[in-house]
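Descriptive analysis of the structure
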Amino acid sequence: MPSHDEVDRIVDAWLRERPDLDFTPLQVLSRVGRLSKHLDRARRVAFTASGLESWEFDVLSALRRAGKPYELSPKALLLQTLVSSGTMTNRIDRLVERELVERRADPGDGRGILVTMTPGGVRRVDAAISQLLDAEAELLAALSPSDQERLAGLLRKLSLDFD
């Protein structure tokens with residue numbers, strides 16, 4: 001396995017041109033950015049194989065994680081997917097058209113609605129998450145389980161300030 005990657009070559013070139021700067025952040029975050037592009041590609045493949053768009057997976061997976069009966073309010077969905085209410089309404093409409101979710105009256109709130117995943121939606125999101133986990137495991141195959149755990153801990157520590 002090569003001991004230098006493209007980021008090393010980029011940093012070395014910058015160090016040659018600007019030895020007065022500390023390129024430590026670039027060494028870390030350029031790798032995160034490059035890995036993010038590989039992850040995005042793997043996700044697109046996994047979702048396409050399951051007949052889903054990335055945004056559809058986001059909504060359906062939020063419903064799936066909610067547990068049976070796989071339903072949430074639109075507000076809960078938008079909080080989990082970090083989109084505006086108008087965007088969420090549009091997404092729900094499109095998922096209803098594809099028969100992946102249904103709208104139903106909220107029995108606990110006469111004015112509210114719940115978004116419920118259909119059996120077809122469950123099948124699609126279950127297939128997508130299985131394919132995604134296989135692809136992600138492949139991306140991490142160069143790391144031992146303990147290295148993966150250590151990296152997850154470091155990334156968690158870094159992301160806490162952003163969440």
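Relevant structure appears above.
Residues numbered from 1 in each chain as written. Predicted model: local features only at pLDDT ≥ 70, side-chain atom pairs only at ≥ 80, totals over all residues. Heavy atoms only, no water.

Geometry of a packed helix pair, given as the angle between the helix axes and the separation of the axes. Contact pair helix 4 (residues 74-81) / helix 5 (residues 85-97): the axes reach a minimum separation of 10 Å and the direction vectors enclose 110 degrees. With respect to helix 5, the element helix 4 is oriented roughly perpendicular. Of helix 5, the residues touching helix 4 (which contributes Pro 74, Leu 77, Leu 78 and Thr 81) are Ser 85, Met 88 and Ile 92. In the contact of helix 4 with helix 5, the residues fall into five nonpolar, two polar and no charged. (Axes fitted to C-alpha atoms, helices over the stretch in contact; angles between N-to-C directions. Helix = DSSP H or I, 4+ residues; strand = E, 2+ residues; numbered from the N terminus. Parallel < 35°, antiparallel > 145°, perpendicular 65-115°, else oblique. Contact = heavy atoms within 4.5 Å. Nonpolar A, V, L, I, M, F, W, Y, C, P; charged D, E, K, R; others polar.)

Bringing helix 2 (residues 24-49) into the picture now. For the α-helix, the turn length of 3.6 residues means that residues three or four positions removed from each other point alike. Compared with an ideal rise of 1.5 Å per residue, which puts 26 residues at 38 Å, helix 2 spans 38 Å between its outermost C-alpha atoms and is within 8% of the ideal. Here helix 2 has its buried residues at Ala 42, Ala 46 and Phe 47. Against the buried residues of helix 2 lie helix 3 (54-65) and helix 6 (119-139). One or two residues past the end of helix 2 sits Gly 51, with phi positive at roughly 75 degrees. (Expected span 1.5 Å × (residues − 1). Buried < 20%, exposed > 50% of the residue type's maximum accessible area, 1.4 Å probe, protein only.)

In total, this model carries 11 salt bridges according to the counting rule given. Asp 8 is the salt-bridge partner of Arg 31, the closest N and O atoms lying 2.8 Å from each other. Taken together, the residues Arg 31 in helix 2 and Asp 8 in helix 1 (residues 6-17) connect sequence positions 23 residues apart. For Asp 8, a relative accessible area of 17% gives the class buried. Among the charged side chains, a salt-bridge network with shared partners connects Asp 5, Asp 8 and Arg 31. (Salt bridge = Lys/Arg side-chain N within 4 Å of Asp/Glu carboxyl O.)

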